[in-house]
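Structure assessment
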Amino acid sequence: MKSNIPIILLAAGQSSRMRGRDKLLERVDNQPLLRRQACLALAVTGGPVFITLPPAPHPRYDVLAGLTTPTLVPVPDAAEGINASLKRGFAMLPHTCKAVMVLLSDLPELNESDLKKVLQAVDLESGNTIWRGATSAGKPGHPTVFAACHFARFAALSGDAGGRDIIAAAADSTVLVPLPDNHALLDLDTPEEWEAWRRTNT
């Protein structure tokens, strides 16, 4: 059964270590990574999908062309860090929303099954308030689902901590959901990392 939990896909970062290339435009599964991640989000939820992006014009808008369902959320202050994207994304949530999944756009090994597994673990009656993907070895990673009790703190974020303080304060009510291998953490920040990954994944 498809979840109705909204998803915020964070895609406003600068790819600063890619030396002129944009990691979200690198091809994974025969399509730009950003479009792949957007399609994953749309496949696993019937709720709204919000994609935070740098201000237009930007090539990331082009690779999302034709996807009519997600809401594109420009982040004018994206250069200030991930918290600017989180604040904009959380501001888009319906007032009736009880939980939201935050999904990073630069994790190329996350797949539909992984997202479904995290969403299926959510139990808002359990007393837990955060559900996080983890590596097969149990190291916390992504994606992360936050219950509504955390939303106000996201609205007050500043800097580039990415909600780490919010997660740390809720350690006792956090559920880790093991995903295969290193799916929950593998990101590729440099051209060399991309080339090495492709050599072992083609």
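Each remark here, short or long, concerns the structure printed above.
About the criteria used
- Residues numbered from 1 in each chain as written.
- Predicted model: local features only at pLDDT ≥ 70, side-chain atom pairs only at ≥ 80, totals over all residues.
- Heavy atoms only, no water.
- Phe/Tyr/Trp six-rings, centres within 6.5 Å; stacked < 30°, edge-to-face > 60°.
- Helix = DSSP H or I, 4+ residues; strand = E, 2+ residues; numbered from the N terminus.
- Buried < 20%, exposed > 50% of the residue type's maximum accessible area, 1.4 Å probe, protein only.
- Salt bridge = Lys/Arg side-chain N within 4 Å of Asp/Glu carboxyl O.

Looking now at the packing of aromatic side chains. In the structure shown here, the tally under the stated rule is five aromatic pairs. Their ring planes at 65° and their centres at 6.5 Å tell us that phenylalanine 90 and phenylalanine 146 sit as a pair that is edge-to-face. One end of the pair, phenylalanine 90, is in helix 3 (residues 82-91); the other, phenylalanine 146, is in strand 8 (residues 140-147), and 56 residues separate them in sequence. When sorted by exposure, phenylalanine 90 lands in the same class as phenylalanine 146, which is buried. Ring centres of phenylalanine 90 and phenylalanine 151 lie 5.4 Å apart, and the angle between their planes is 75°; this geometry places the pair in the edge-to-face category. You can see phenylalanine 90 sitting in helix 3 and its partner phenylalanine 151 sitting in helix 5 (residues 151-155), a full 61 residues away along the chain. Overall, phenylalanine 90 belongs to the buried group, its relative accessible area being 8%. Ring pairs connect the aromatic residues Phe90, Phe146, Phe151 and Phe154, which therefore count as one cluster.

Moving on, we come to the environment of glycine 163. Residue placement: glycine 163 occurs in the loop between helix 5 and helix 6 (164-169). Look at glycine 163 and you get buried, because its relative accessible area is 2%. The spacing of glycine 163 and isoleucine 82 is 81 residues in sequence and 8.9 Å in space, taken between C-alpha atoms.

Next up on the list: the pattern of salt bridges. For the structure on display, the rule yields 11 salt bridges. Among the salt bridges present, the one from arginine 19 reaches glutamate 192, with a minimum N-O distance of 2.6 Å. Of the two residues, arginine 19 sits in the loop between strand 1 (7-10) and strand 2 (27-28) while glutamate 192 sits in helix 7 (residues 191-200), which places them 173 residues apart along the sequence. What makes arginine 19 exposed here is its relative accessible area of 59%.

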